[in-house]
Amino acid sequence: MNKYRTHTCGELTIKDKSKDIFLSGWINKKRDHGNLLFLDLRDNYGITQCLIENSHPKFKEFEKLPLETVIKLNGKVLERSKDTINKELKTGEIEIAIVSYEVLGNTKELPLPIFSDQDYSEEIRLKYRFLDLRRKKIHQNIILRSKVISFIRSEMQKLGFLEFQTPILTSSSPEGARDFLVPSRLNPGKFYALPQAPQQFKQLIMVSGFDKYFQIAPCFRDEDARADRSPGEFYQLDLEMSFVEQKDVFEVVEKLMINVFNKFSNKKLLYKNFPQIPYSESMLKYGTDKPDLRNPLVINDFTEIFKRDDVSFDIFKKLVKKGSIVRGIVTKNTKDHPRSFFDGIDKWAKEQGASGLAYFTIEDNSGIKGKGPVGKFFSENSIKETMKISKAEVGDSIFLACGTIKDVEKILSEARDKIGRDLKVINYDSFAFCWIIDYPMFEEDEKSKKIVFSHNPFSMPQGNIKDINFSEPLKIKAYQYDIVCNGIELSSGAIRNHVPELMYKLFLVAGYDKKTVDKNFSGMINALSYGAPPHGGIAPGIDRIIMLLAEEKNIREVTMFPMNQNAQDLMMNAPSEINEEQLKELNLSIKKNK
RNA sequence: GGGGGUGUAGCUCAGUUGGUUAGAGCACGUGCCUGUCACGCACGGGGCCGAGGGUUCGAGUCCCUUCACUCCCGCCA
């Protein structure tokens, strides 16, 4: 028999009636009636109500135990009378009559309440994370995380993937995010870098012939935090496959996501086959490459309308003449919405730093007309053309934005969310996955006007290798894709370029000569030169998947021991100073700031 | 690096136009209470109002500086 317990706090039921049992756990709550005291004893598995009466010789002593004291108790399982059953608890039909008890762990006064739904400050939560983690919501989130990861692991194994570890101490790479660096004692003046992702290793695993690899991989990037982005480290389901095309990767990931989300959430999956949206189409229809497809609103381009002579909306017309574009969002059957709805959105747009949104409603009043502040500037024919472009109907309204492509995309993307929320057309009880495909291989850097890789330099360009026109690099598309769910980017992936000659050509376009490529990516290029299989993969973010499943907006709610926004661990006091000896051994000295 | 929000009891928060001794709930302590499950009732302890400077007869409140936490922009192949 276990020394501390015969049962957990979540398992006793009416079937155990009259049993002599031992429980161990934390005092979650006391309800002291003076001559009768109820105690909720809590462990990982649940809560069991125990009681002690003043006839017990240790009653007075027991009364004084503070909340969160860890105790072991011996008692008898009693059936509760019908009117005292607690339906909220699994163990609510029974209670324990305490016979004897023993304190296993005393507690000081608590810096934060455990039994409470109150929110409290992040600083206290992180400093006393071990107490915070006792609280129900986050405790359940962390258990969910564990279960999801175990499930993913077993699903991947079923799909024929092999799990491998890759090095944590590796080399710094010139591309990408800022690296975390680790000084090398044996190699003075040299540094390891923590991997931003096992990108090169997973490709090397393919070159090594292992065919299908996965790993729940820690990734380290020294970038500033966001609500959905931990500073320092996060986890990816890293996977890579040999002898595959894009569609083969999609098939695996769709299967996995559907199984995971169906198993761990009751929300509906809007698509069993995830829509594949070309990048350019996504930017046009949604203004972003991470569209929330729960929102049915779409953006249309109306620039041509403003080149017509029968449209007299001069502010937009002048801008269009100078190269601006006009795009807009159609809202269905909003003719009876109050003026405040329309003005509210216009006002909101101005608050976002845009010049506002022009709008009119289409009505049929002995002829198609535009109603609203700018409606009068449009002829019947021009409105009919507008309706043709956007499939708008009488009774619908159109919100219009004018400006540079970037500005219009940005404001309309946000307006799509805002209007969708206001009109309550977003189905929050669902998951809408999609693929964004056909990313451009290169883009023009805004400042320097130089050609740069738009995503991953190791991605395979589309089309027949011999026919690729390197003189028009901005037209080259890549087998590069993102998976998006509910407007959240879960991951990027790609079919990789496994042909060294092609890689040199692409790098040349971005301004790297052969020598530089050889120097910076020697391991990769070298490996690809000895018979590399075509391969590709992806790496969905584990933390964000858990956030979606747990319906949490902040990544700290699904991370056991997160750091704060300044990348400090308040509980462990990391980072910390190190002593002279350590510095000396590493051949380092600290520059003192005044 | 930049912008916004917050900072008052152990915790969560009120605190008016600048005006006497800074309040509430929970927690903690003492006492009462035998069916609660957010138990109830009474009493009590507990405050450098984030820190520093200024304006004022007088500052939790106004001004300046600074620190901490947080959200966002930049950044995140």
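Residues numbered from 1 in each chain as written. Chains lettered and ligands numbered in written order. Predicted model: local features only at pLDDT ≥ 70, side-chain atom pairs only at ≥ 80, totals over all residues. Heavy atoms only, no water.

*Asks:* Let's hear about the side chain of Glu557: which residues, and what values?
*Replies:* Following the sequence through the fold, Glu557 ends up in the loop between α15 (542-550) and α16 (580-585). Its relative accessible area of 14% is what places Glu557 among the buried residues. Once you skip the residues sitting within four places of it in the chain, Glu557 turns out to touch Arg125, Ile138, Asn141 and Glu552. (Helix = DSSP H or I, 4+ residues; strand = E, 2+ residues; numbered from the N terminus. Buried < 20%, exposed > 50% of the residue type's maximum accessible area, 1.4 Å probe, protein only. Contact = heavy atoms within 4.5 Å.)

*Asks:* I'd like a rundown of the nonpolar core, residues and numbers included.
*Replies:* One broad rule of soluble globular proteins: the nonpolar side chains tend to lie buried together. Grouped together as the largest cluster of nonpolar side chains are 65 residues, with contacts concentrated most on Val260, Phe261 and Phe433. When residues in this core are grouped by element, the largest group, 10 residues, is from helix α6 (residues 246-264). Not counting residues within four places of it along the chain, the set of residues in contact with Phe261 comprises Leu269, Phe431, Phe433, Ile545, Leu548 and Leu549. Core analysis: the next-biggest nonpolar cluster, separate from the first, contains 21 residues, Ile305, Val320, Phe360 and Ala392 among them. (Core = buried A, V, L, I, M, F, W, Y, C linked by side-chain atoms within 4.5 Å.)

*Asks:* Provide a residue-level description of the sheet that holds strand β4 (residues 70-79), including the pertinent values.
*Replies:* What the 5 strands build is a closed barrel, ordered β1-β2-β3-β5-β4; its pairing is mixed. Between one strand and the next, the sheet's axes are offset by a mean angle of 55°, whatever the strand orientation. As judged from the 7 bridges shared by strand β1 (residues 20-32) and β4, these two strands associate in the antiparallel manner. Its bridge partner lying in β4, Leu23 is registered against Leu73. (Pairing = 2+ DSSP bridges. Axes fitted to C-alpha atoms, helices over the stretch in contact; angles between N-to-C directions.)

*Asks:* Could you give an account of the protein's contact with RNA strand B, with specific residues and numbers?
*Replies:* Near RNA strand B there are 48 residues, and of these Lys29, Asp32, Asn35, His455 and Asn566 occur at the shortest range. Taking all atoms of RNA strand B within 4 Å of the protein, the share assigned to sugar and phosphate is 54%. Within the contact set of RNA strand B, a base oxygen lies 2.9 Å away from a side-chain nitrogen or oxygen of Asn86. Here a phosphate oxygen of RNA strand B and a side-chain polar atom of Asn566 are 2.5 Å apart. Looking at the surface near RNA strand B, the elements that each hand over two or more residues are β1, β2 (36-43), β3 (46-53) and α2 (122-127). When its residues are assigned to classes, the surface near RNA strand B shows 13 nonpolar, 18 polar and 17 charged. (Near = heavy atom within 4 Å. Polar contact = N/O pair within 3.5 Å; in protein donor to acceptor, adjacent residues only side chain to side chain. Nonpolar A, V, L, I, M, F, W, Y, C, P; charged D, E, K, R; others polar.)

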